[in-house]
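Architecture at a glance
Here is how the chains run, residue by residue.
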Amino acid sequence: MTENATSELERAQANLLVHSTSPLNAEPPMDRLVSSFITPQKDLYIRTHGEVQHIDGASHRLTVSGQVEHALELSVQDLRDRFPRRTLTASLQCAGNRRADLQEVKKTEGDPWQAAALGNASWTGVSLRDVLEAAGAATDASLQVAFYSPDEIEVEGETARFGVSIPMPKARGGEVLLAFEMNGETLQPEHGYPLRVIVPGYAGVRSAKWVSEVRVQDGPAESPIQTKDYKLFPPHVRKGEADWDAGLTIDALPLNSAICEPARGARLKEGPVTLKGWATASERAIRRVDVSIDGGRSWLQAKLQQQPDQPHAWTLWRLDAELKKGEHELVVRAFDGAMQTQPDTPDDTWNYPGYLAAHRHRIHVAVE
Ligand SMILES: Nc1nc2c(c(=O)[nH]1)N[C@H]1C(S)=C(S)[C@@H](COP(=O)(O)O)O[C@H]1N2
Ligand SMILES: [Mo]
């Protein structure tokens, strides 16, 4: 292991719960996650499929090619100098977040993420739309904008460069960033230094780290992480039976929420307790969060902390409750701008790769 790799591992081990060291995958403790509306960089989950890249920021180049009038080759400094700076608050969430709940129904692929494979940050960079326009990119809605990065990853026995893509209308939405700062700080290598994509509202996988190439093309990115991974299959499809083309590409994330405090299995003293957690709804607003302290028979309304001018930011919620002696099942359900709420149980959403666990989060606590 190189010296560089040791430092990101040390940072992860100091601040996060590490699921695996190679590749490095880690998430923060849930109570710390909801202790601030903006997630500090050291507390942002880390999801890598290959090795963390250590890139020289000054010599790094981003090429823009494919269906464009003039291909571009830009340094990070060129992006800073030639394009308007854009800052927005957005949550970043892995499609595998809360997978541990699905694994209680039945085994799935992948790491057992708790409910902290997400964070909410202020991202600064330039708008992908501005860069596409500078290249004279074609704008047809059927096109894909692909992002390629230098990390080599293995998916389904195939090794290839990391490459993902998003539909052109999303790419031109203005909110998709080529970002060089998180919360006003330079990105750490594990979060994509010197340049990463941020696709607000979409599964984290589309937010390519260490991005070196933007390509406007007819079909999805030619990398198995795009064509075979991060797809949603119906519950009857088992590992080894998947028809990749029939799987649904996971882009916009579903409505979701979780209880982060108290912890699952906590032993509490009788009396007042504050319950806290997060809620996200892709592009939609969170309109209401209900919490039950009796397994879902009755519901109380939580107080929301939101940033209304930032449609892609998460919502934090809290509820002051009184818990009597005994065992309690705590449940949360969020409602979005279309008054839709979450599926009841993990059985409703189980799929063999373990994606999009968005059922109501339930935990048990004991009060003494
Ligand atoms: N180049 C590259 N980009 C990547 C990944 C990766 O492995 N390689 N992982 C993706 C996934 S699945 C997620 S959820 C997010 C995680 O970003 P973070 O580690 O900064 O939290 O990055 C995405 N971008
Ligand atoms: Mo992810």
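In every chain, residue numbers begin from 1 and rise along the written sequence. Here every chain gets a letter starting at A, and every ligand a number starting at 1, in the order they are written. Totals for whole chains, interfaces and linings use every residue, but because this is a predicted model, local features are given only for residues with pLDDT of at least 70 and side-chain atom pairs only at 80 or more, for both listing and counting. Hydrogens and water molecules were not included; the side-chain quantities draw on all heavy atoms of the structure.

1. Structural notes on the overall build of the protein chain
Heads up, the rule is: Elements are defined by DSSP. Helices are runs of H or I of four residues or more, strands are runs of E of two residues or more, and each kind is numbered from the N terminus. Atoms considered for the radius of gyration are the C-alpha atoms alone. The globule rule reads 2.2 Å times the number of residues to the power 0.38. Think of it in three bands: residues with accessible area under 20% of the maximum for their type are buried, residues over 50% are exposed, and the middle band is partly exposed, with areas taken using a 1.4 Å probe on protein chains only. Two residues form a contact once any of their heavy atoms are found within 4.5 Å.
Within the protein chain, the secondary structure is distributed over 7 helices and 24 strands. In terms of overall dimensions, the protein chain is globule-like: its C-alpha atoms have a radius of gyration of 21 Å, near the 21 Å expected for 368 residues. When its C-alpha atoms are laid out on the principal axes, the protein chain stretches across 70 × 45 × 45 Å. When the 368 residues of the protein chain are sorted by exposure, 57% land in the buried category. Pairs at least 24 apart in sequence give 71% of the contacts found in the protein chain among residues at least 6 apart.

2. Considerations on the nonpolar core
Which entries qualify depends on this criterion: Buried Ala, Val, Leu, Ile, Met, Phe, Trp, Tyr and Cys residues that are joined via side-chain atoms within 4.5 Å together make up what is termed a nonpolar core.
Counting 59 residues, the largest nonpolar core has W123, F147 and L178 as the members making the most contacts within it. For this core, the leading source of residues is strand β10 (residues 177-182), giving 5 residues. When near neighbours in sequence (up to four residues on either side) are disregarded, L178 contacts L62, G125, V126, L128, V131, L195, R196, V197, V211 and V214. Residues A266, L275, L323 and V367 belong to the second largest nonpolar core, which totals 22 residues.

3. Considering the domain arrangement of the protein chain
Where we set the bar: Where a domain begins and ends is set by an automatic assignment or by a domain database. Buried area adds together the accessible area that both of two parts lose upon being put together, with accessible area traced by a 1.4 Å probe. Salt bridge, as used here, is a side-chain nitrogen of Lys or Arg placed within 4 Å of a carboxyl oxygen of Asp or Glu. Here a polar contact is taken to be a pair of N or O atoms separated by no more than 3.5 Å, where protein atoms must pair a possible hydrogen donor with a possible acceptor and residues adjacent in sequence count only if both atoms sit in side chains.
When its domains are assigned, the protein chain resolves into domain 1 (3-249) and domain 2 (256-367). Across the contact, 44 residues belong to domain 1 and 37 residues belong to domain 2. Where domain 1 abuts domain 2, roughly 3500 Å² becomes buried across the two surfaces, and 60% of that area is made up of carbon and sulfur atoms. For the interface between domain 1 and domain 2, the tally reads 2 salt bridges. The salt bridge partner of E283 is K170, with a shortest N-O separation of 2.9 Å. The interface formed by domain 1 and domain 2 contains 19 residue pairs in polar contact (both at pLDDT 80 or more).

4. Here's the deal with the site of ligand 1
Rules: Being near a molecule or strand, for a residue, comes down to having at least one heavy atom within 4 Å of it. Here, Shrake-Rupley sampling with a 1.4 Å probe gives the accessible areas, and only protein chains in the shown set may cover a residue. Classification convention: Asp, Glu, Lys, Arg as charged; Ala, Val, Leu, Ile, Met, Phe, Trp, Tyr, Cys, Pro as nonpolar; all other residues, Gly among them, as polar.
Residues in contact with ligand 1 amount to 21 residues; listed here are only the nearest, Y45, D151, H191, R196 and K209. Contacts to ligand 1 include R47, whose backbone N or O atom sits 3.0 Å from an oxygen atom. At a separation of 2.6 Å, an oxygen atom of ligand 1 approaches a polar side-chain atom of K209. In isolation ligand 1 has 530 Å² of accessible area, and contact with the protein removes 100% of it. Every element with two or more residues in the shell around ligand 1 is listed here: β3 (46-47) and β8 (144-155). By residue class, the composition of the shell around ligand 1 is 10 nonpolar, 6 polar and 5 charged.

5. Some thoughts on the pairing of strand β16 (residues 256-261)
In plain terms, the rule: Strands qualify as paired when DSSP identifies two bridges or more between them.
For β16, a buried count of 5 out of 6 residues is recorded, marking the element as mostly surrounded by other parts of the structure. Pairing between β16 and strand β18 (residues 271-280): 5 bridges, direction antiparallel. Among the inter-strand pairings, E261 is bridged to a residue of β18, identified as K276.

6. Regarding the state of the cysteines
Rules: In plain terms, two cysteine sulfur atoms within 2.5 Å form what is called a disulfide here.
Evaluated as defined, the whole model comprises 0 disulfides. C94 provides the cysteine sulfur closest to C260, a residue in no disulfide bond, and the two sulfurs are 16 Å apart. Look at C260 and you get buried, because its relative accessible area is 2%.

7. A word on the side chain of K209
Under the convention used in this document: Residues scored as positive are Lys and Arg, those scored as negative are Asp and Glu, and His as well as the terminal groups of each chain are ignored.
Take K209: it is sitting in the loop between β12 (196-198) and β13 (213-217). No salt bridge forms around the buried K209; measuring N to O, its nearest opposite-charge neighbour D151 is 7.4 Å away. In this structure the side chain of K209 is engaged in a polar contact, spanning 2.9 Å, whose partner is the backbone oxygen of E190. Residue contacts for K209: discarding those within four places in its chain leaves R47, T48, S149, E190, H191, G192, L195 and R196.

8. Thoughts on the pairing of β10
With respect to burial, β10 is a largely interior element, 6 of its 6 residues being buried. Examined bridge by bridge, strand β7 (residues 118-127) and β10 share 5 bridges and lie antiparallel to one another. Residue pairing for β10: W123 is matched across the bridge by M182. By the bridge criterion, 3 bridges tie β10 to β12 in an arrangement that is antiparallel. Within β12, the position partnered with L178 by the bridge is V197. The sheet contact formed by β10 and strand β11 (residues 185-186) spans 2 bridges and is antiparallel. In the sheet register, E181 faces β11, and the bridge partner there is T186. Following β10, the chain reverses through 2 residues before pairing antiparallel with β11; N183 in that reversal takes a positive phi of roughly 55°.

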